[in-house]
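Structure assessment
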Amino acid sequence: MATTTALVWRCGSRGLRAVTGGSAWCRAQAPLRLSPCAAWSSEGLLLAQEQAQLGTTFAAAPLATSRTFASSPVLADHASQTSQGSRSYVAGSALGLATIAAAGSVALSEESTDPLAAPPLEVLPTNPVLVYQYEVCPFCNKLRAYFDYKDIPYTVVEVNPLTKAEIKGMRKNNGKLKVPIVKVDGVEGQLVESDAIIDEFQGLLEREGRGAKRSWFSGGGAAAGKGAEEVARWRRWVNETFVHVLTVNIYRSVRESFETFDYISDQGNFGLVAREAARYGGAGIMYVVSKNIKKKRSLPGEERDHLYKCCGEWMDAVGDADFHGGKKPDLADLSVYGVMRAVEGFESFKDAVANTKIGPWYYRVKEAVGASARTNPVA
């Protein structure tokens, strides 16, 4: 196989020249094959298929050709003996797709036959559960928001998005190695997929009679807030709509892409060289990727308009109550809050708070969630 000499996102006739400030073109002798995104469900695979249909090509620089980067969320499978810097430059787009690219994750309804699947929990764990995650992954933030609200102690294991060494050999989610993954002390196997994990613990709390404590039942059954079907509908909306809209907003301009990757590279489990390479490589590529997500998800026009529309729809659902759940947050509140918490402090978050009515609700949920139940400090 031939090797390539520069990083290229070939999308039309101009590529990344405008993004990278005049980077030299390179013709990809061996286009890279994408593997699915890790943290935001199947979006990486769907996006890769779309890119193939559009004639979009990835190439990497300088990469030898035999090694598989299966350890990275979205990477080529034809490079070997490459430097950390080169790997990380390509992995910038990988981490972006893995942690901020949106996807529709659906709680599993069928009994799993996966030998690595944890059996149904019978009692609430006495020791902190282990949460394997990316710090900036919205689905991981959603899960942590639930654990924080329910006072379920957890210890975070930050996964390296390049090697994924921390979760190698663990249970896959729909055939792909993705975060979050939860390990319960004394229980064989692992729990996967944020909504499925939340449902597992919620069911356990209800069986133990603790569902009413800080629960979406609000001490008086589902009628005290919204019905179960309504809660489930908004949880699906978060996965299928809201996260996509957030994605295109945090990458809507080159400047905001760099803002996003400044945070991602600082919070992620990177070495120094890898951090800087991911910062610059990922920002440019994810800016282009976000434009294709807009097309795929039918989000024409100004990105902020879609964000404000989503915020308005959610606040219409909340109505005059403090929370969607009435007097206390329900699982829909925690889902919306959790994915928003992943981008708190970003320009898109600040604009949403300034231009919609979502701010007071967000900070009410934040206050209700309270202190983190995390047992190990953020590095």
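Read on for a plain summary of the structure. Residue positions are given per chain, counted from 1 along the sequence in the order it is written. For this predicted model, a pLDDT threshold of at least 70 governs which residues receive local features, and a threshold of 80 or more governs which side-chain atom pairs are given and counted, while totals over whole chains, interfaces and linings are taken from all residues. The basis for every side-chain value is the complete set of heavy atoms in the structure, and neither hydrogens nor water enter the calculation.

When the centres of two rings from Phe, Tyr and Trp lie within 6.5 Å, Trp using its six-membered ring, the rings pair. Their planes under 30 degrees apart give stacked, over 60 give edge-to-face, and anything left gives tilted. Summed over the entire model, instances satisfying the criterion amount to 12 aromatic pairs. With a centroid separation of 5.1 Å and 80° between ring planes, the pair formed by Phe 147 and Phe 201 is classed as edge-to-face. Of the two residues, Phe 147 is situated in helix H4 (residues 138–149) and Phe 201 in helix H5 (residues 194–207); the sequence distance between them amounts to 54 residues. We call a residue buried when its accessible area falls under 20% of the maximum for its residue type, exposed when it is over 50%, and partly exposed in between, using a 1.4 Å probe and counting protein chains only. For Phe 147, a relative accessible area of 0% gives the class buried. A relative accessible area of 0% means that Phe 201 is categorised as buried. Taken together, a centroid distance of 5.5 Å and an interplanar angle of 80° make the contact between Tyr 263 and Phe 346 edge-to-face. One end of the pair, Tyr 263, is in helix H7 (residues 254–267); the other, Phe 346, is in the loop between helix H10 (331–341) and helix H11 (347–355), with 83 residues separating them in the sequence. Counting every residue linked through ring pairs, the aromatic cluster contains Trp 234, Trp 237, Phe 242, Trp 314 and Trp 361. Each helix is a run of H or I in the DSSP string that is no shorter than four residues. Each strand is a run of E no shorter than two, and both are numbered from the N terminus.

Here we take up the sheet that holds strand S5 (residues 181–183). Any two strands are treated as partners once DSSP identifies two or more bridges connecting them. Taken in spatial order, the four strands make up an open sheet running S4-S3-S5-S6, and their pairing is mixed. Of all the strands in the sheet, the pair left with one neighbour each is strand S4 (154–158) and strand S6 (191–192). Pairing geometry for S5 and S6, over two bridges, is antiparallel. Looking at the pairing, Ile 181 lines up with Val 192 of S6. Running over the sheet, H4 touches strand S3 (129–133), S4 and S5 and is turned about 160° from S3. Every residue pair with non-hydrogen atoms within 4.5 Å of one another is taken to be in contact. The angle between two axes is taken between their N-to-C directions and runs from 0 to 180 degrees, where each axis is a line fitted to C-alpha atoms and a helix contributes only its stretch in contact.

Counting residues in each nonpolar core, the largest one holds 79 residues, and the members touching the most others are Tyr 146, Phe 147, Val 182, Phe 201, Phe 242, Trp 314 and Trp 361. If one sorts the elements of this core by residue count, helix H6 (residues 228–250) sits on top with 10 residues. Residues within four places of Phe 201 in sequence aside, it is in contact with Leu 121, Leu 124, Pro 125, Val 129, Tyr 146, Phe 147, Ile 152, Val 184 and Leu 191. We call a set of buried residues a nonpolar core when its members are Ala, Val, Leu, Ile, Met, Phe, Trp, Tyr or Cys and they connect through side-chain atoms within 4.5 Å of each other.

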